[in-house]
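Given next are the chains, with one letter for each unit.
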Amino acid sequence: RELKLLSVVIPICNEKDNISELYARLIKIGKELSVKLEMVFVNDGSSDSSMAMLKELGASDKQVKIVDLSRNFGHQMAIRAGIEFASGDAVAIMDADLQDPPEVVVDMVAKWKEGYHVVYAIRKTRKEGVLLRFLYATFYRLLKIMANTDMPLDAGDFCLMDKSIVKILSSMPESDPFMRGLRSWVGYDQIGVE
(Lines give C-alpha, C1' and ligand atoms only; values in the text may rest on other atoms or scores of the structure.)
Protein backbone atom coordinates (compact mmCIF):
# COMPACT_ATOMS: atom_id res chain seq x y z
CA ARG A 1 0.00 0.00 0.00
CA GLU A 2 1.10 3.51 -0.75
CA LEU A 3 0.67 6.20 1.86
CA LYS A 4 0.09 9.54 0.14
CA LEU A 5 -1.64 11.37 3.00
CA LEU A 6 -1.27 10.63 6.71
CA SER A 7 -3.85 12.20 9.01
CA VAL A 8 -3.07 12.55 12.70
CA VAL A 9 -6.04 13.24 14.98
CA ILE A 10 -5.19 14.93 18.27
CA PRO A 11 -7.86 15.77 20.89
CA ILE A 12 -6.87 18.95 22.75
CA CYS A 13 -8.13 20.08 26.14
CA ASN A 14 -5.87 22.60 27.87
CA GLU A 15 -2.64 21.40 26.25
CA LYS A 16 -0.88 24.75 25.73
CA ASP A 17 2.35 23.38 27.23
CA ASN A 18 2.54 20.48 24.76
CA ILE A 19 1.25 21.80 21.43
CA SER A 20 4.50 23.31 20.14
CA GLU A 21 6.62 20.25 20.90
CA LEU A 22 3.98 17.87 19.54
CA TYR A 23 3.71 19.89 16.33
CA ALA A 24 7.51 19.91 15.85
CA ARG A 25 7.73 16.15 16.39
CA LEU A 26 4.87 15.48 13.95
CA ILE A 27 6.59 17.61 11.29
CA LYS A 28 9.73 15.45 11.73
CA ILE A 29 7.64 12.29 11.32
CA GLY A 30 6.10 13.60 8.11
CA LYS A 31 9.56 14.32 6.71
CA GLU A 32 10.92 10.94 7.82
CA LEU A 33 8.04 9.13 6.12
CA SER A 34 8.13 11.44 3.07
CA VAL A 35 4.35 11.82 3.13
CA LYS A 36 1.89 14.65 3.00
CA LEU A 37 0.71 15.28 6.55
CA GLU A 38 -2.66 16.43 7.87
CA MET A 39 -2.73 17.29 11.57
CA VAL A 40 -6.32 17.42 12.82
CA PHE A 41 -6.38 19.15 16.19
CA VAL A 42 -9.75 18.85 17.94
CA ASN A 43 -10.24 21.57 20.52
CA ASP A 44 -12.45 19.95 23.15
CA GLY A 45 -13.45 22.99 25.17
CA SER A 46 -10.01 24.25 26.20
CA SER A 47 -10.04 27.14 28.66
CA ASP A 48 -6.34 27.98 28.31
CA SER A 49 -4.55 29.44 25.28
CA SER A 50 -4.61 26.15 23.33
CA MET A 51 -7.09 27.40 20.72
CA ALA A 52 -5.13 30.60 20.11
CA MET A 53 -1.97 28.53 19.59
CA LEU A 54 -3.79 26.22 17.17
CA LYS A 55 -5.12 29.20 15.18
CA GLU A 56 -1.59 30.58 14.93
CA LEU A 57 -0.27 27.23 13.69
CA GLY A 58 -3.15 26.90 11.25
CA ALA A 59 -2.49 30.37 9.83
CA SER A 60 1.14 29.50 9.10
CA ASP A 61 0.83 25.85 8.05
CA LYS A 62 -1.78 24.36 5.69
CA GLN A 63 -1.13 20.92 7.20
CA VAL A 64 -2.84 22.03 10.42
CA LYS A 65 -6.61 21.54 10.50
CA ILE A 66 -8.71 22.61 13.47
CA VAL A 67 -12.02 21.22 14.67
CA ASP A 68 -13.32 23.53 17.38
CA LEU A 69 -16.05 21.89 19.44
CA SER A 70 -18.60 24.22 21.06
CA ARG A 71 -17.81 22.85 24.54
CA ASN A 72 -16.05 19.95 26.22
CA PHE A 73 -17.72 16.78 24.92
CA GLY A 74 -15.07 14.41 26.28
CA HIS A 75 -12.08 12.61 24.87
CA GLN A 76 -13.92 9.87 22.96
CA MET A 77 -16.28 12.30 21.22
CA ALA A 78 -13.30 14.51 20.32
CA ILE A 79 -11.64 11.50 18.69
CA ARG A 80 -14.84 10.76 16.81
CA ALA A 81 -15.09 14.34 15.55
CA GLY A 82 -11.47 14.22 14.43
CA ILE A 83 -11.72 10.98 12.48
CA GLU A 84 -14.85 12.22 10.73
CA PHE A 85 -12.83 15.23 9.56
CA ALA A 86 -9.65 13.29 8.62
CA SER A 87 -9.08 12.46 4.96
CA GLY A 88 -5.84 10.45 5.00
CA ASP A 89 -5.12 7.02 3.53
CA ALA A 90 -4.28 6.14 7.13
CA VAL A 91 -5.35 7.97 10.28
CA ALA A 92 -3.34 8.02 13.50
CA ILE A 93 -4.96 8.94 16.82
CA MET A 94 -2.83 10.24 19.65
CA ASP A 95 -3.16 12.30 22.79
CA ALA A 96 -1.44 15.68 23.01
CA ASP A 97 0.14 15.02 26.41
CA LEU A 98 3.18 13.26 24.84
CA GLN A 99 2.88 10.25 27.18
CA ASP A 100 2.81 8.16 24.02
CA PRO A 101 5.82 9.00 21.82
CA PRO A 102 4.60 10.30 18.45
CA GLU A 103 7.61 8.66 16.76
CA VAL A 104 5.90 5.26 17.18
CA VAL A 105 3.70 6.33 14.24
CA VAL A 106 6.65 5.46 11.97
CA ASP A 107 6.50 1.82 13.18
CA MET A 108 2.72 1.86 12.84
CA VAL A 109 2.95 3.02 9.23
CA ALA A 110 5.41 0.18 8.49
CA LYS A 111 2.86 -2.36 9.78
CA TRP A 112 0.06 -0.64 7.82
CA LYS A 113 2.17 -0.99 4.66
CA GLU A 114 2.43 -4.73 5.42
CA GLY A 115 -1.36 -4.89 5.11
CA TYR A 116 -2.68 -4.43 8.64
CA HIS A 117 -5.86 -2.37 8.91
CA VAL A 118 -5.35 -1.35 12.56
CA VAL A 119 -2.04 -0.92 14.34
CA TYR A 120 -2.38 -0.08 18.03
CA ALA A 121 0.28 0.86 20.55
CA ILE A 122 0.86 -1.39 23.55
CA ARG A 123 2.11 0.41 26.64
CA LYS A 124 5.32 -0.99 28.08
CA THR A 125 4.96 1.08 31.24
CA ARG A 126 2.54 3.57 32.76
CA LYS A 127 3.56 6.80 34.48
CA GLU A 128 0.73 6.70 37.03
CA GLY A 129 1.19 5.59 40.62
CA VAL A 130 1.02 1.95 41.75
CA LEU A 131 -2.66 2.08 42.78
CA LEU A 132 -3.81 3.66 39.52
CA ARG A 133 -1.74 1.18 37.46
CA PHE A 134 -3.34 -1.68 39.39
CA LEU A 135 -6.84 -0.26 38.82
CA TYR A 136 -6.21 0.21 35.08
CA ALA A 137 -4.85 -3.34 34.75
CA THR A 138 -7.78 -4.79 36.70
CA PHE A 139 -10.40 -2.83 34.75
CA TYR A 140 -9.09 -3.82 31.32
CA ARG A 141 -8.71 -7.48 32.29
CA LEU A 142 -12.28 -7.55 33.63
CA LEU A 143 -13.53 -5.78 30.51
CA LYS A 144 -11.77 -8.35 28.33
CA ILE A 145 -13.49 -11.17 30.24
CA MET A 146 -16.95 -9.57 30.11
CA ALA A 147 -16.90 -8.16 26.57
CA ASN A 148 -17.96 -10.14 23.53
CA THR A 149 -15.07 -8.60 21.63
CA ASP A 150 -11.44 -9.54 22.08
CA MET A 151 -9.73 -6.28 23.03
CA PRO A 152 -5.95 -6.13 23.39
CA LEU A 153 -4.67 -5.52 26.91
CA ASP A 154 -2.60 -2.41 27.71
CA ALA A 155 -3.60 -0.73 24.44
CA GLY A 156 -5.01 2.77 24.61
CA ASP A 157 -6.40 5.09 21.97
CA PHE A 158 -2.96 5.58 20.35
CA CYS A 159 -3.26 3.80 17.02
CA LEU A 160 -3.16 4.02 13.25
CA MET A 161 -6.14 2.88 11.18
CA ASP A 162 -6.72 2.39 7.50
CA LYS A 163 -9.23 4.79 5.94
CA SER A 164 -11.63 1.86 5.45
CA ILE A 165 -11.79 1.34 9.23
CA VAL A 166 -12.23 5.08 9.82
CA LYS A 167 -15.15 5.06 7.39
CA ILE A 168 -16.83 2.23 9.32
CA LEU A 169 -16.27 3.89 12.71
CA SER A 170 -17.55 7.23 11.40
CA SER A 171 -20.75 5.61 10.16
CA MET A 172 -21.63 4.02 13.51
CA PRO A 173 -24.54 5.72 15.31
CA GLU A 174 -22.89 5.58 18.75
CA SER A 175 -23.83 8.57 20.91
CA ASP A 176 -21.20 7.73 23.54
CA PRO A 177 -18.46 5.84 21.70
CA PHE A 178 -15.70 3.79 23.31
CA MET A 179 -13.34 3.99 20.36
CA ARG A 180 -10.90 1.30 21.54
CA GLY A 181 -13.74 -1.18 21.86
CA LEU A 182 -15.29 -0.21 18.53
CA ARG A 183 -11.87 -0.41 16.87
CA SER A 184 -11.52 -3.99 18.09
CA TRP A 185 -15.11 -4.88 17.29
CA VAL A 186 -14.87 -4.05 13.57
CA GLY A 187 -12.34 -6.84 13.09
CA TYR A 188 -9.98 -6.93 10.10
CA ASP A 189 -6.24 -7.49 10.46
CA GLN A 190 -4.97 -5.82 13.65
CA ILE A 191 -1.59 -5.86 15.34
CA GLY A 192 0.10 -4.14 18.27
CA VAL A 193 3.47 -2.43 18.49
CA GLU A 194 5.23 -1.53 21.74
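All figures in this text were calculated on a predicted structure; none of them were measured in a lab. (Residues numbered from 1 in each chain as written. Predicted model: local features only at pLDDT ≥ 70, side-chain atom pairs only at ≥ 80, totals over all residues. Heavy atoms only, no water.)

### Here's the deal with the packing of helix α1 (residues 19-33) against helix α2 (residues 50-60)
Inclusion rule: All axes here are fitted lines through C-alpha atoms, helices being fitted over the stretch that makes contact, and every angle between N-to-C directions spans 0 to 180 degrees. For helices the rule is a DSSP run of H or I covering at least 4 residues; for strands it is a run of E covering at least 2, with both sets numbered from the N terminus onward. Crossings are assigned a handedness: left-handed for a near helix turned anticlockwise from the far helix by less than a right angle, right-handed for a clockwise turn. Contact between two residues is taken to exist if any of their heavy atoms lie within 4.5 Å; hydrogens are not considered. Residues are grouped as follows: Ala, Val, Leu, Ile, Met, Phe, Trp, Tyr, Cys and Pro are nonpolar; Asp, Glu, Lys and Arg are charged; all remaining types, including Gly, are polar.
Orientation of α1 relative to α2, taken along the N-to-C sense of each, is 35 degrees, at an axis distance of 11 Å. Viewed along their axes, α1 and α2 form a crossing whose handedness is right-handed. Contacts from Ile19, Ser20 and Tyr23 in α1 reach Ser50, Met53, Leu54 and Leu57 in α2. Each residue belonging to the contact of α1 with α2 can be placed in one class, and the counts come to five nonpolar, two polar and no charged.

### A short note on the environment of Ala86
Tracing the backbone shows Ala86 in the loop between α3 (75-85) and β4 (90-93). Distance in space between the C-alpha atoms of Ala86 and Val8 is 7.8 Å, their sequence separation being 78 residues. Every residue in contact with Ala86, bar those within four places of it in the chain, is listed here: Ser7, Val9, Glu38, Val40 and Val91.

### Notes on the side chain of Asp100
Mapped onto the elements, Asp100 comes out in the loop between β4 and α4 (104-113). Those residues in contact with Asp100 that sit more than four places away from it in its chain are Arg123 and Phe158.

### With respect to the side chain of Asp89
The criterion, for reference: For each residue, the accessible area found with a 1.4 Å probe, counting protein chains only, is set against the maximum for its type, and the residue is called buried under 20%, exposed over 50%, and partly exposed in between. Two N or O atoms count as a polar contact when they lie within 3.5 Å, although within protein this holds only if one can serve as hydrogen donor and the other as acceptor, and sequence-adjacent residues are included solely when both atoms are side-chain atoms.
Residue placement: Asp89 occurs in the loop between α3 and β4. For Asp89, a relative accessible area of 15% corresponds to the buried category. A polar contact of 2.9 Å, which involves the side chain of Asp89, links it to the backbone nitrogen of Lys4.

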